[in-house]
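Inside the fold
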Amino acid sequence: MFSPQAKRRWQRFKSIKRGYYSFITICILIFVSLFAEIWVNNRPIIIQYNNTLYFPSYGDIIPGNTFGLDYNWETNYQELKQSFKEKPESGNWMISALIPYNPFENHFIEGEYPPYAPSFENKHYLGTDMAGRDILSRIIYGFRIAILFSLFLLVITYVIGILIGALMGFLGGTFDLIFQRVIEILSNVPILYIIMIVASIITPNFWTLALMLGAFSWMGLTWYMRTETYRENTREYVLAARSIGASNWRIMFKHILPNSVSILITFFPFSVVSGITALTSLDYLGFGLPAPTPSWGELLQQGTNNLDYQWIAASAVVALTIVLTLVTFIGEAVREAFDPKKHSYFS
């Protein structure tokens, strides 16, 4: 399935322990966040009531009268759990999530006003924000949004950057000159002002932010792809393909592209870092995702505006630092594994 060279690169990547273990850690974090509704939720994972099993985590709202309560809106599971404890002979039980709060839930303690400090007794392990929402649940859901945002942005950047860069390098001439000027113009457009103007007209969401950033983030990658295509275009295997009548389409996509994109893989982790920091910065400035979307930038904003409650800013800063450090370690290992100056093979 993989070429011998790809296997050697993977083995080199594995030999760089810091990057390899960071890769494993970040994969685990992504997996946990993708199924956060199971671990972090105010709904239980499973309920047995009158010999029937219910799975509220991913299902529709279950009204209270389903479990013998006297209302038909969503069940208060804390109340239901208490009723199960008071009647152990009924045989009913439930398994709650590890963190029994969802990121949008406002939790208020009688006689106190939020934010609440970290507490194992209340299961607010990192405390709450100014609105009484659990910080740990917002960090986990915020991580999922940030990593998916950065991956979607990366796809846009790579598709546009590789396609245009390859065409510039392969076709050259007028096409190359036109896009050089286009890139020079777009590079001078202040993207932050564009987002501020758009945010004043419409409420930006995940997709509009990603598309706006993606429209201006592909230029840097294009120059690398253009240079690689220029170089590969003069190699013997390309000249041989031309001599036997291969079409331009086949030469570019079957021969040049697979041999050119390997260098671009080394930018992959750093593009992820760029996407996470871009979304966090926009959320911090108030031009990112709308409230009450879980966001690290919004937590940072709350923390810096309320420095008396250090756990708010500290939680977001620590989470951001850990994730960016892990991705940076992965990037260094990928760059080392794919470095042609240190690892060249002739056959």
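**Quick word on empty space enclosed by the protein**
The tally for this structure, following the rule as stated, stands at 1 cavity of 30 Å³ or more. Volume-wise, the largest cavity comes out at about 50 Å³. Lining the largest cavity, in full, are Gly142, Ile145, Ala146, Leu279, Thr280, Asp283, Leu289, Pro294, Ser295, Trp296 and Gly297. Looking at the lining of the largest cavity, its residues break down into 6 nonpolar, 4 polar and 1 charged.

**Points about unusual backbone geometry**
Here the bond from Pro114 into Pro115 is cis, since omega is 10°, no more than 30 degrees from zero. Within the secondary structure, Pro115 sits in the loop between β3 (93-95) and α5 (135-171). Pro292 follows Ala291 through a cis peptide bond whose omega is 5°. Its location among the elements puts Pro292 in the loop between α13 (268-285) and α14 (296-305). The phi angle at Asn50 is positive, at roughly 50°, despite the residue not being glycine. Position of Asn50 relative to the elements: it lies in the loop between β1 (46-49) and β2 (52-54). Although it is not a glycine, Lys123 sits at a positive phi angle of roughly 60°.

**What to know about the layout of surface pockets**
Empty space within the second largest pocket amounts to approximately 510 Å³. In terms of lining residues, the second largest pocket is bounded by 21 residues, among which Asn76, Tyr77, Gln78, Pro100 and Tyr101 are the most central. Its residues assigned to classes, the lining of the second largest pocket comprises 5 nonpolar, 9 polar and 7 charged.

**Describing the confidence of the model for the chain**
Per-residue confidence for the chain averages 88 on the pLDDT scale, and 97% of its residues sit at or above 70. Mean pLDDT per element in the chain: helix α12 (residues 262-265) is the minimum at 76, and helix α2 (residues 17-34) is the maximum at 94.

**Section: the sheet that holds β2**
Taken together, 3 strands build an open sheet; the order of strands is β2-β1-β3 and the sheet is antiparallel. Since the sheet does not close on itself, it has two edges, and those belong to β2 and β3, each with one partner. Neighbouring strand axes in the sheet, compared pairwise and without regard to direction, differ in orientation by 15° on average. In this sheet, β2 lies alongside β1 in antiparallel orientation, the contact comprising 3 bridges. Bridging across to β2, Gln48 finds its partner in Leu53.

**Remarks on the nonpolar core**
Residues Phe149, Leu209 and Ile276 are the most contacted members of the largest nonpolar core, which totals 55 residues. Look past the residues within four positions of Phe149 in its chain and what remains in contact with it is Phe206, Leu209, Ala210, Leu213, Gly275 and Leu279. Formed by 10 residues, the second largest nonpolar core is a distinct cluster that contains Ile47, Leu69, Tyr71 and Phe84.

**Here we look at the packing of α5 against helix α8 (residues 206-216)**
Across the interface, α5 lies against α8 with an axial gap of 9 Å and an inter-helix angle of 40°. When the axes of α5 and α8 are compared, the pair comes out oblique. Classified by chirality, the crossing of α8 by α5 is right-handed. Contact residues: Ile145, Leu148, Phe149, Phe152, Leu153, Ile156 and Ile160 in α5; Phe206, Trp207, Leu209, Ala210, Leu211, Leu213 and Gly214 in α8. Taken together, the residues of the contact of α5 with α8 sort by class into 13 nonpolar, 1 polar and no charged.

**Regarding α8**
Within α8, burial applies to Phe206, Leu209, Ala210, Met212, Leu213 and Gly214. Contacts made by the buried residues of α8 are with α5, α7 (191-201) and α13. Two or three places before Trp207, at the opening of α8, Asn205 has a side-chain oxygen 3.0 Å from that residue's backbone nitrogen.

**Considerations on the packing of aromatic side chains**
Any pair of aromatic rings gets described here by the distance separating the centres and the angle formed by the planes. Scanning the entire structure with this criterion turns up 22 aromatic pairs. Here Phe31 and Phe35 contribute two aromatic rings whose centre-to-centre distance is 5.1 Å and whose plane-to-plane angle is 55°, an arrangement assigned as tilted. Between Tyr71 and Trp73, the aromatic rings sit 4.8 Å apart at their centres with planes inclined by 15°, giving stacked as the arrangement. Note on Tyr71: relative accessible area 9%, which makes it buried. Of note, Arg18 hangs over the ring of Phe329, and the distance from its end group to the ring centre comes to 4.4 Å.

**Here we look at the packing of helix α1 (residues 4-15) against α2**
Packing of α1 against α2 leaves a shortest axis separation of 5 Å and a crossing angle of 95°. Between α1 and α2, the angle falls in the class roughly perpendicular. Contact with α1, carried on its side by Trp10, Phe13, Lys14 and Ser15, involves Lys17, Gly19, Tyr20 and Phe23 of α2 and no other residues of that element. Classifying every residue of the contact of α1 with α2 by side-chain character gives 4 nonpolar, 2 polar and 2 charged.

So, how was this worked out
Residues numbered from 1 in each chain as written. Predicted model: local features only at pLDDT ≥ 70, side-chain atom pairs only at ≥ 80, totals over all residues. Heavy atoms only, no water. 1 Å grid on protein atoms, 1.4 Å probe; cavity = no way out; pocket = protein on both sides within 12 Å on 5 of 7 lines; lining within 4 Å. Points joined across faces, edges and corners; volume = space filled by probe spheres on them. Nonpolar A, V, L, I, M, F, W, Y, C, P; charged D, E, K, R; others polar. Helix = DSSP H or I, 4+ residues; strand = E, 2+ residues; numbered from the N terminus. pLDDT = per-residue confidence, 0-100. Pairing = 2+ DSSP bridges. Axes fitted to C-alpha atoms, helices over the stretch in contact; angles between N-to-C directions. Core = buried A, V, L, I, M, F, W, Y, C linked by side-chain atoms within 4.5 Å. Buried < 20%, exposed > 50% of the residue type's maximum accessible area, 1.4 Å probe, protein only. Contact = heavy atoms within 4.5 Å. Parallel < 35°, antiparallel > 145°, perpendicular 65-115°, else oblique. Left-handed = near helix turned anticlockwise from the far one by under 90°. Polar contact = N/O pair within 3.5 Å; in protein donor to acceptor, adjacent residues only side chain to side chain. Phe/Tyr/Trp six-rings, centres within 6.5 Å; stacked < 30°, edge-to-face > 60°. Lys NZ or Arg CZ within 6 Å of the ring centre and 35° of its normal.

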